[in-house]
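Chain by chain, the residues run as shown.
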Amino acid sequence: MADPRTELADIIVPAAPDFVATGSNLPMWGGAGLAIAAGIALAIWLWQRRRPARGLRRIASAVALRLDSVPALAARLDAWARACYGLSRVQGTLCPPALDPAAWADWTRRLLQLRFASPQPDGYAELAALCETARAWERHV
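A brief report on the enclosed structure follows.

What counts and what doesn't
The residue count restarts for each chain, going from 1 along the sequence in the order it is written. For this predicted model, a pLDDT threshold of at least 70 governs which residues receive local features, and a threshold of 80 or more governs which side-chain atom pairs are given and counted, while totals over whole chains, interfaces and linings are taken from all residues. Side-chain descriptors were evaluated using all non-hydrogen atoms of the structure, hydrogens and water having been removed beforehand. Whenever a helix is involved, its axis is fitted only over the stretch in contact; in every case the axis is a line through C-alpha atoms, and angles between N-to-C directions fall within 0 to 180 degrees. Each helix is a run of H or I in the DSSP string that is no shorter than four residues. Each strand is a run of E no shorter than two, and both are numbered from the N terminus. Here is the rule for angles: anything less than 35 degrees is roughly parallel, anything more than 145 is roughly antiparallel, 65 through 115 is roughly perpendicular, and the remaining ranges are oblique. Every residue pair with non-hydrogen atoms within 4.5 Å of one another is taken to be in contact. We call Asp, Glu, Lys and Arg charged. Ala, Val, Leu, Ile, Met, Phe, Trp, Tyr, Cys and Pro are nonpolar, and the rest, Gly among them, are polar. Here, expected helix span is obtained from the residue count minus one, scaled by 1.5 Å. Only protein chains enter the area calculation, which uses a 1.4 Å probe; residues under 20% of their type maximum are buried, those over 50% are exposed, and those in between are partly exposed. It is the directions from the helix axis to the C-beta atoms whose arc is reported. Nonpolar side chains (Val, Leu, Ile, Met, Phe, Trp, Tyr) are joined into patches within 5 Å and like charges within 9 Å, using only residues with over 30% relative accessible area and no salt bridge. Computed with the Shrake-Rupley method and a 1.4 Å probe, the accessible areas treat only the protein chains shown as cover for residues. Salt-bridge detection follows one rule: a side-chain nitrogen of Lys or Arg within 4 Å of a carboxyl oxygen of Asp or Glu. Counting rule applied: Lys, Arg positive; Asp, Glu negative; His and chain ends not counted. All charge positions are set by atom: Lys at NZ, Arg at CZ, Asp at CG, Glu at CD. Left-handed is the label given to a crossing in which the near helix is rotated counterclockwise from the far helix by less than a right angle, and right-handed is the label when the rotation is clockwise. Under the rule applied, a polar contact is a pair of N or O atoms within 3.5 Å (in protein, one hydrogen donor and one hydrogen acceptor; residues adjacent in sequence only if both atoms are side-chain atoms).

**Some thoughts on the packing of helix H5 (residues 51-65) against helix H6 (residues 70-85)**
- Here H5 crosses H6 at 170°, and the two axes come no closer than 10 Å. Put simply, H5 runs roughly antiparallel to H6. On H6, the residues that touch Pro 52, Gly 55, Leu 56, Arg 58, Ile 59, Ala 62 and Val 63 of H5 are Leu 73, Arg 76, Leu 77, Trp 80 and Cys 84.
- Of the residues in the contact of H5 with H6, the class split is nine nonpolar, one polar and two charged.

**Details of H6**
- Taking 1.5 Å of rise per residue, the 16 residues of H6 would be expected to cover 22 Å, and the 22 Å separating its terminal C-alpha atoms lies within 8% of that figure.
- Of the residues making up H6, those classed as buried are Val 70, Leu 73, Ala 74, Leu 77, Asp 78, Trp 80, Ala 81 and Tyr 85. The buried side chains of H6 occupy one side of the element, clustering within an arc of 160° when seen end-on.
- Among the residues trailing H6, Gly 86 stands out with phi positive, at a value near 65°.

**Looking at a positive patch on the surface**
- A grouping of Arg 49, Arg 50, Arg 51, Arg 57, Arg 58 and Arg 76 is seen on the molecular surface, where their side chains present a positively charged patch.
- For the positive patch, the element with the most residues is H5, which contributes three residues.
- Note on placement: Arg 58 falls in helix H5.

**Topic: the packing of H6 against helix H7 (residues 101-116)**
- At a closest axis distance of 8 Å, the pairing of H6 and H7 adopts a crossing angle of 145°. For the crossing formed where H6 meets H7, the hand is left-handed. Across the interface between the two elements, Val 70, Pro 71, Ala 74, Ala 75, Leu 77, Asp 78, Ala 81 and Tyr 85 of H6 pack against Trp 104, Trp 107, Leu 111, Leu 114 and Arg 115 of H7.
- Per-class residue counts for the contact of H6 with H7 are eleven nonpolar, no polar and two charged.

**With respect to the side chain of Asp 78**
- One can find Asp 78 in helix H6.
- Of the polar contacts made by the side chain of Asp 78, one reaches the side chain of Arg 115; its length is 3.1 Å.
- In this view, Asp 78 contacts Val 90, Leu 111 and Arg 115; residues no more than four positions away in its chain are not counted.

**Describing the pattern of salt bridges**
- Within this structure, the stated rule accounts for six salt bridges.
- Measuring nitrogen to oxygen at the nearest pair gives 2.6 Å for the salt bridge that ties Arg 109 to Asp 106. Taken together, the positions of Arg 109 and Asp 106, both in helix H7 and three residues apart, correspond to about one turn of that helix.
- Taking relative accessible area as the criterion, Asp 106 reaches 29% and is therefore assigned partly exposed.
- For Glu 126, the salt bridge is made with Arg 110, and the minimal N-O distance between the two is 2.6 Å. In this pair, Glu 126 sits in helix H8 (residues 123-140) while Arg 110 sits in helix H7, placing the two residues 16 residues apart along the sequence.

And the structure:
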């Protein structure tokens, strides 16, 4: 007759699963951790890459809502251009790469006019047009 302890051993004390029986899955957990870290790094890189676009959208919405004066909004657009293109000053002669120098010179002239000249009645519309031009340039840079 069969021994009931050996016949019922699998029911009372089940066998260990295969992944526990073969040892630890350290390479699998390492790979999963590396994939998660790479995904987080990619998300941070994409967030930082879109940072200038978010800043320009904030300036454009402030212009559309007329939240500040034209010279103050023009100063914000000037600061955005310096930060976005890595310039010390926004000048018509210092054109960023991949932009049309003539268009850049005209853009900077209009921006400086809005920033430092006497207020114009169509200043907000002109500033909105400058924001749209900058948005188009940002796609190409």
